[in-house]
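Single-letter residue listing:
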Amino acid sequence: MRELFLVSVLLMMILMTGSVAAADNTTCEVGVLVSYQYSDDTARINPTFEITDSGVGLNYTRTYDPSSDYTKLIFQHTNISSSNLTLTVRAPGYITAERRLNLTLNPRDPRDTRYYASLNLLLNATEAYRLGRDVTERANRILNFTSGSEVLVITTAGLVKYRNKTTEDVIEGILNRAGGVISYGKANILTLRRTAVDPFCTAFIIKKGKDLLMAFYRNSTLVYLGTVSQNMTITQWNNLTSRLGEDAFPFASLANAWAVGAPADLLKQAAFHGHMCIGTISGYAMSKTLYMYYPPLQDWSTGSPIEITNYVTIGVPGGSDDDALILALDNTPGKRSYLGFDTSGTGADASMVGFIRWNSRTNTGTLVVMKFDQQALIDLYKRETGATAVSELKFNAWLVKKVTQNPTSLVTIVKELDNLTADQYYYLAGREVNYNQVNETHGLDMEYINRLNLPNATRATPATSAGGVSYTELREIGKMAAEMAKNIFMAERGVNLERDSLNIAVLTSAGYVYLNGTPTDACYDGIFEVLGSRLSRKNLLPIHSPFYKPLWFTFVLKGADGRTLDSVYITYNPTTGALTAGATPDGIRVNDIGPAALNDAARDTANSRIFGSSYFSIESIANAWKYDIPYDQLVTFLFHNHVCPGVQPGFFITEYAFENYPLEAGQQYQWFGTSIYCKDDALLYLMGVSPGTGTYFAKRVLQDELESPMIPGGSEEGILILWDPVKKVGKAVMISFRWPQFDLSDCTTRNAMFEKWAAAFIMLYSGQTPAYMTSPMVLTKEVEKWITEDELRVIQSGANGNPLAYLRSIPARTLDDLIPVNNGGSQSGNQGGVPGGSTGGSTGGVSSGSHGVTGVHAGYSPGVDLSTSPAGESAASEASEESSVEGKKAYEVKNATSSSSDGESSWYVYGIVGVLVAAGLVAFGFLRGGAGK
């Protein structure tokens, strides 16, 4: 008994000794066993671990024990007894789990001074992830696409919200359940641009012989199962439209373009626009023609090429081509590189686009005006195919083949002028000086252009194509870049880049730029193979770039402190096929681009030399990404090409519109911008407006006309219009904004100031108030008027220079004043136009110019027998899902059906005089210029 007492005392002394040692520097080991709600994800997803003490991140080493399936996290700590340790476990598609760590000494070995903890965690999937997995599972049972057939997924997931949350996890669920058959790198998943308040839809399409079979879901309800092929019969098309309503053409047009081999970037441009059409294809052709004949000029005097010119696009909204150009050339309005409003009064039309290649060194430019001739293309199609009527899906398939073979054959160059002066440039595009607008935009004023006494420009000799690059070769480039980054991090920092880590981001130009004429999306799959990075996981970030820019990758690791950002920048040389990591003069390749680096002028300058012209894009997006910002903010920053304070008002204006001016069935948003800057890109991406759909107009007006009379220091940003193309009336609302003020006195560099300013707006967007905000943001309406179709046209055409003053001059009226109930019809009745919110061409403004073709189908009747569907899986005759957004629904889709039974197609029909027949199809806007809304 005495011996037992002595042993107990000795053990206590050892334990106490261990506690004292812990106060110095104790090794701690946490064993974690993570499993998932979907058991097959255990082998697929490597979780991300974070250890914090009272919110302060701790560094650890990570090892995996295959014998027990436990992951061991080993770290050092100085005072276990007073610590407040928390383990956070994250995995894409799963709800984050947090556990308090109670570490203890090893009771079995009193000589062991380490502290231990052990956890078994079952992670539950998010609701959106379950939705993505569920619809993919059910679609695969019907279509059997995991057996190796060609498959395409078109989804509105991402920006659309489900129960007030963004739905990128739906995409994650689709990709994981598909098991590699569907991937970003294969470019067979398309995100159809929609807004947060639009319905959530997903379609799975497979090729089956000459037919395309589609399973279409709204939320989790199967709405349609059957053919979506260009060879549909009239009966089949009517069945499709009766089930899908206005979604029929967007999904059918994208599916059929994919089926005939449309390039990945063209498909993404069409998905951004809202559907595939002649205007989108022609805009794609214009971008290629411009680069072929008028490429950016380069200066080789320094040994490496430096571009000394940039493009500005001046469009006429409504022709669909503008949207393709915005994506292809990265000519977004937010970067002041797209401007345009209705200048049809000067001889322009929606099929025309002006390009200015501006040389800031010589202060001169080249002006090129192109157009697409719809009638000429229709006539050529008829001659080549022998068709007497023109169905749009077949016509689009023919156009896709034409544009991939010879893009210049689809467009006409109207003007090619050289030596454009600065004054002439500013007349067309407008100008800012120190963020003050001193020259208003006149847009594509053809009367002015025709009066210019300028010499004809000289076309460049098109470069000889080096031949395409295969999917396998591009995937290998992405894989090699990721492996190179892993090796460099290990060599220079002793850090292993863990697969699937949500603390690693890969920023890249891949997916936008070309390599030897081939889109580079396949690089994504190589990166995913090594690091598990994906856009749906918010850790593969394609930065919007013109298609002719270089291919590069930046691998960023967020430190345990949540702020340090170590990075490796890797470029690809298409001539040698070599990957090169940028380095400092002393050969260091891992560079910090976090806040500390941004606030250090010398380090900031050194980094800018390594990263070159991409530096601001990379460091600004990386420094926003580290806050784990919402998906809609992140992808908007990627679209804009960088993060800056200027983007942020677009988020708040969009939210203001959704909350205070929700759309009713059949309405659409339009935006006429008068103060054009970065926020306009957020409006395009989030509000759903765009030049190609004829719902976004950009005209710089003079600074003194922008100053708000109601809000001291505020600016009148533009006019929000809720337009009803059926009733042909709308509500026009002048929106004003005043910037909040922040204390930025501790920022010693411009980049540091931008990073802190952007961080403040990220906080504001999430409902927090930055401690360093000194005055609040103000966002409000100044004027609200009901307007007629004629008044809309005046606003869209710029109102002789001052649309803001024009809106004020419109008398105050009610809706009943403009639409008397007893004036030949009901206020709520169908008075013509396009129910369901068709955009572009039916707005009362600029005619779409991109549609007006279709005709009788061939007699081929592929179809699918619904009786072969699995038990419990049949297409609903009508969607009966709950709203994807809690509370009042801001936008509704109004289904309609055709009653046509005369044997004609239920599409618009292009006849001798261009009239519309088969009137029952008008409701679907099958040939409209809109975004499918």
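It should be noted that the structure appears before, not after, this text.
Attention in this report is confined to the structure presented alongside it. All values reported here derive from a predicted model rather than from experimental measurement.

Digging into the packing of aromatic side chains
1) Next: Enumeration over the complete set of coordinates arrives at 38 aromatic pairs.
2) Next: Here Tyr656 and Tyr661 contribute two aromatic rings whose centre-to-centre distance is 6.3 Å and whose plane-to-plane angle is 55 degrees, an arrangement assigned as tilted.
3) Next: When its relative accessible area of 15% is taken as the criterion, Tyr656 is described as buried.
4) Next: Among the aromatic residues, those joined into a ring-pair cluster are Phe637, Phe651, Phe652, Tyr677, Phe737, Trp739, Phe742, Trp757, Phe761, Tyr765 and Tyr772.
5) Next: Geometry around Tyr677 places Lys679 over its ring, the cationic atom sitting 4.3 Å from the centre.
6) Next: Over the face of the ring belonging to Phe754 we find Arg750, whose NZ or CZ atom lies 4.6 Å from the ring centre.

Things to note about the pattern of salt bridges
1) Next: Taken as a whole and assessed by the stated rule, the structure comprises 43 salt bridges.
2) Next: With its nearest N and O atoms 3.0 Å apart, the salt bridge here joins Asp134 to Arg138. Here Arg138 and Asp134 lie together in helix 2 (residues 127-143), a separation of four residues that amounts to about one turn.
3) Next: A residue is classified by how much of its surface remains accessible, and Arg138, at 15% relative accessible area, is buried.
4) Next: Across the pair Lys538 and Asp628 runs a salt bridge whose closest N-O atoms are separated by 3.2 Å. Pair noted here: Lys538 is in the loop between helix 14 (523-531) and strand 29 (540-542) and Asp628 is in the loop between helix 17 (615-625) and helix 18 (631-640), with a separation of 90 residues, a long-range link.

Description of the side chain of Thr674
1) Next: For Thr674, the location among the structural elements is in the loop between strand 34 (668-673) and helix 20 (679-687).
2) Next: What Thr674 contacts, discounting residues up to four positions off in sequence, is Gln437, Lys699, Arg700, Val701, Leu706, Glu716, Glu717, Gly718, Pro803 and Leu804.

Looking at unusual backbone geometry
1) Next: The backbone phi angle of Asn363 is positive, close to 60 degrees, even though this residue is not glycine.
2) Next: As for its placement among the helices and strands, Asn363 is situated in the loop between strand 21 (352-359) and strand 22 (364-371).
3) Next: Here Asn363 falls in the partly exposed class, since its relative accessible area comes to 38%.
4) Next: Even without glycine at this site, Asn419 takes up a positive phi of about 65 degrees.
5) Next: With respect to the secondary-structure elements, Asn419 resides in strand 23 (residues 412-420).

A word on the sheet that holds strand 1 (residues 26-36)
Strands pair in a sheet through their backbones, by hydrogen bonds, and they do so in one of two ways: parallel or antiparallel.
1) Next: The five strands are arranged 4-5-1-9-8 in an open sheet whose pairing can be described as mixed. Looking at which strands have only one partner, the edges of the open sheet turn out to be strand 4 (61-65) and strand 8 (104-105).
2) Next: With seven bridges joining them, strand 1 and strand 5 (residues 70-77) adopt antiparallel strand pairing. Residue Gly31 lies in a different strand from strand 5, and its bridge partner there is Lys72.

The rules we used
For every chain, the first residue of the written sequence is number 1, and numbering continues from 1 along that sequence. It should be noted that, the model being predicted, local features are given only for residues of pLDDT at least 70 and side-chain atom pairs only at 80 or more, the latter also being counted only at that level, while totals for whole chains, interfaces and linings use all residues. Computation of side-chain values: all heavy atoms of the structure, hydrogens and water removed. Centres within 6.5 Å are what make two rings of Phe, Tyr or Trp a pair, Trp counting through its six-membered ring; a difference in plane orientation under 30 degrees is then read as stacked, over 60 as edge-to-face, and the rest as tilted. Think of it in three bands: residues with accessible area under 20% of the maximum for their type are buried, residues over 50% are exposed, and the middle band is partly exposed, with areas taken using a 1.4 Å probe on protein chains only. When the NZ atom of lysine or the CZ atom of arginine is within 6 Å of a ring's centre and also within 35 degrees of its normal, the charge is said to sit over that ring. When a carboxyl oxygen of Asp or Glu lies within 4 Å of a side-chain nitrogen of Lys or Arg, that pair is called a salt bridge. By definition, any uninterrupted DSSP run of H or I lasting at least four residues is a helix, any uninterrupted run of E lasting at least two residues is a strand, and each is numbered from the N terminus. Any two residues whose heavy atoms approach within 4.5 Å at even a single point are treated as in contact. Strands qualify as paired when DSSP identifies two bridges or more between them.

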